[in-house]
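# Overview (structure and organization)
Listed below are the residues making up each chain.
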Amino acid sequence: MARGKQPSKAQRAPKVHRAVVTHTVDDFEAAFWPDESPVDNAVVMTMGALHEGHAALVRAARKQVGREGRVAVTVFVNPLQFGPAEDLERYPRTLDADVKLAEENGADVVFAPSVEEVYPNGEPQVRLAAGPMGGRFEGATRPGHFDGVLTVVAKLLHITDPDFAFFGEKDAQQLALIQRMVADLDFDVEIVGVPTVREEDGLALSSRNRYLSEEERTRALTLSKALFAGRDVAAQGPKAVREAASAVLDGAEGVTLDYLALIDPHDFSEAADDFQGEAVLAVAAQVGSTRLIDNVHVICR
């Protein structure tokens, strides 16, 4: 470049990564596997309404497969996992914003199919059953929920055929069930859990947080405070963990507790009072009209 000559605006502008948006299985396959090059592939499965927690999953996927690998983000609100009284119709649909967040964090392809594309023969007559592990805690409150989750995850794993699939640790029981499904049914994929992303004040990021009023959001902080209180005394054993967390939640205004449990992560059963090792301290509660879940990992001595 000659002295004094400045690069044009086009030359100065950084390259912008663009994600290909697909809505059919055929279009997804063409975009995600454009050639036979032997690169690692990863998928992040979402129901949309993406936030920084999802962004962390996409970044982790990109880091795993490297610059040459491929990352897909699925955006699909799965009707099978919603109960009759749950918020299927109210669940936010924000595809344009979702695509922007996905591509900014390293996604190559966004797969946003219709219900008819995922279930072309109507509601599936054959589904995966989550078994005893899926009937506890979230499964007890939401019967059939995890059957719907595992069914769609299995379908999307077949469609996307990734080497790695990334899920958030905030949905601890879901993550445990997907890991167990992959192990029990010999899926050829590695399931990777990514730590929960929180606001500065401790509130776990969730697509449902947008339903909270300012006052309800303040009340929702009780959940993370209870979990942190339990985690802080984990060295004293399971009983101390439960008591410390319960003390924060007892009488909390505007918070209707569903469950608070110290859980053995291997089978998602309640940890005994003499349990030692890593456990999941989990909570679910209704704040206003919004149901929230959260959890932390604790090491019981």
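Residues numbered from 1 in each chain as written. Predicted model: local features only at pLDDT ≥ 70, side-chain atom pairs only at ≥ 80, totals over all residues. Heavy atoms only, no water.

Within the element layout of this structure, Ala240 appears in helix H10 (residues 238–249). Since its relative accessible area comes to 15%, Ala240 is described here as buried. In the structure, Ala240 is positioned 19 residues away from Tyr259 in sequence and 17 Å away in space, judged by C-alpha atoms. (Helix = DSSP H or I, 4+ residues; strand = E, 2+ residues; numbered from the N terminus. Buried < 20%, exposed > 50% of the residue type's maximum accessible area, 1.4 Å probe, protein only.)

Of all hydrophobic cores here, the largest spans 43 residues; its most connected members are Val153, Leu157, Phe167, Met181 and Ile191. Those elements giving two or more residues to this core turn out to be helix H2 (25–32), strand E2 (41–46), strand E4 (109–111), helix H7 (145–160), strand E5 (164–168), helix H8 (172–184), strand E7 (255–264) and strand E9 (277–287). Ranked by residue count, the leading element in this core is H7, at 9 residues. Those residues within four positions of Val153 in sequence are excluded, and the remaining contacts are Met45, Phe167, Ile178 and Met181. The next biggest cluster of nonpolar side chains, apart from the first, holds 25 residues, and it includes Leu203, Leu223, Leu262 and Ala279. (Core = buried A, V, L, I, M, F, W, Y, C linked by side-chain atoms within 4.5 Å. Contact = heavy atoms within 4.5 Å.)

For the rest of this paragraph, the subject is the packing of aromatic side chains. For the coordinates displayed, the defined rule picks out 8 aromatic pairs. With 5.9 Å between their ring centres and 80° between their planes, Phe28 and Trp33 make a pair best called edge-to-face. Residue Trp33 is classed as partly exposed on the basis of its relative accessible area, which comes to 25%. These aromatic residues form a ring-pair network of at least three members: Phe28, Phe32, Trp33 and Phe111. (Phe/Tyr/Trp six-rings, centres within 6.5 Å; stacked < 30°, edge-to-face > 60°.)

With that settled, the discussion passes to the side chain of Thr46. Mapped onto the elements, Thr46 comes out in strand E2. Here the side chain of Thr46 touches Thr74 through a polar contact of 2.8 Å, landing on its backbone oxygen. If we ignore the near neighbours within four places in the chain, the residues touching Thr46 are His54, Val73, Thr74, Val75 and Phe76. (Polar contact = N/O pair within 3.5 Å; in protein donor to acceptor, adjacent residues only side chain to side chain.)

A separate point is a negative patch on the surface. A grouping of Asp40, Asp161, Asp163 and Asp188 is seen on the molecular surface, where their side chains present a negatively charged patch. Positionally, Asp163 belongs in the loop between H7 and E5. The exposure class assigned to Asp163 is partly exposed, which follows from its relative accessible area of 33%. (Patch = residues over 30% accessible without salt bridge, like charges linked within 9 Å, V, L, I, M, F, W, Y side chains within 5 Å. Areas by Shrake-Rupley, 256 points an atom, 1.4 Å probe, with all protein chains shown as cover. Salt bridge = Lys/Arg side-chain N within 4 Å of Asp/Glu carboxyl O. Lys, Arg positive; Asp, Glu negative; His and termini not counted. Charge placed at Lys NZ, Arg CZ, Asp CG, Glu CD.)

Ordered by their spatial adjacency, 4 strands build an open sheet running E8-E7-E9-E10, and the pairing between neighbours is antiparallel. Each end of this open sheet is capped by a strand with a single partner; those strands are strand E8 (269–270) and strand E10 (290–300). Note: E7 against E9, 8 bridges, orientation antiparallel. Bridge assignment links Val255 to a residue of E9, and that residue is Val287. Contacts between helix H9 (residues 214–232) and the sheet are confined to E7, E9 and E10, with E9 contributing the most and set at about 160° to the helix. Against the sheet, H10 makes contact with E7, E8, E9 and E10, and its axis sits at roughly 165° relative to E7, the strand it touches most. (Pairing = 2+ DSSP bridges. Axes fitted to C-alpha atoms, helices over the stretch in contact; angles between N-to-C directions.)

The backbone of Ala49 sits at a positive phi, close to 50°, despite the residue not being glycine. When you line up the elements, Ala49 lands in the loop between E2 and helix H3 (52–65). Positive phi outside glycine occurs at Asp161, with the angle close to 50°. Within the secondary structure layout, Asp161 lies in the loop between H7 and E5.

The next thing to look at is the sheet that holds strand E1 (residues 20–22). As summarised here, the arrangement of the 6 strands in space is E1-E4-E3-E2-E5-E6, forming an open sheet in which the pairing is parallel. The sheet terminates laterally at E1 and strand E6 (190–194), the two strands that pair on one side only. Adjacent strand axes in the sheet meet at a mean angle of 25°, parallel and antiparallel pairs treated alike. Sheet topology places E2 next to E5; 3 bridges connect them, and they run parallel. Counted as the bridge partner of Val44 is Phe166 from E5. In the packing of H2 onto the sheet, contacts are made with E1, E2, strand E3 (70–75) and E4, and the angle to E4 comes to roughly 165°. Contacts from H3 reach E2, E3, E5 and E6, with the element oriented near 155° to E5.

Let us now look at the packing of H7 against H8. The angle between the axes and the distance between the axes are what describe a pair of packed helices. Following both chains from N to C, one finds H7 and H8 inclined at 55°, their axes separated by 11 Å at the closest point. The orientation of H7 relative to H8 falls into the category oblique. Helix-helix and strand crossings are classified by hand; for H7 and H8 the assignment is right-handed. Counting all contacts with H7, which are made through Phe146, Val149, Leu150, Val153, Ala154 and Leu157, the residues of H8 involved are Gln173, Gln174, Leu177, Ile178, Met181 and Val182. The residue inventory of the contact of H7 with H8, partitioned by class, reads 10 nonpolar, 2 polar and no charged. (Parallel < 35°, antiparallel > 145°, perpendicular 65-115°, else oblique. Left-handed = near helix turned anticlockwise from the far one by under 90°. Nonpolar A, V, L, I, M, F, W, Y, C, P; charged D, E, K, R; others polar.)

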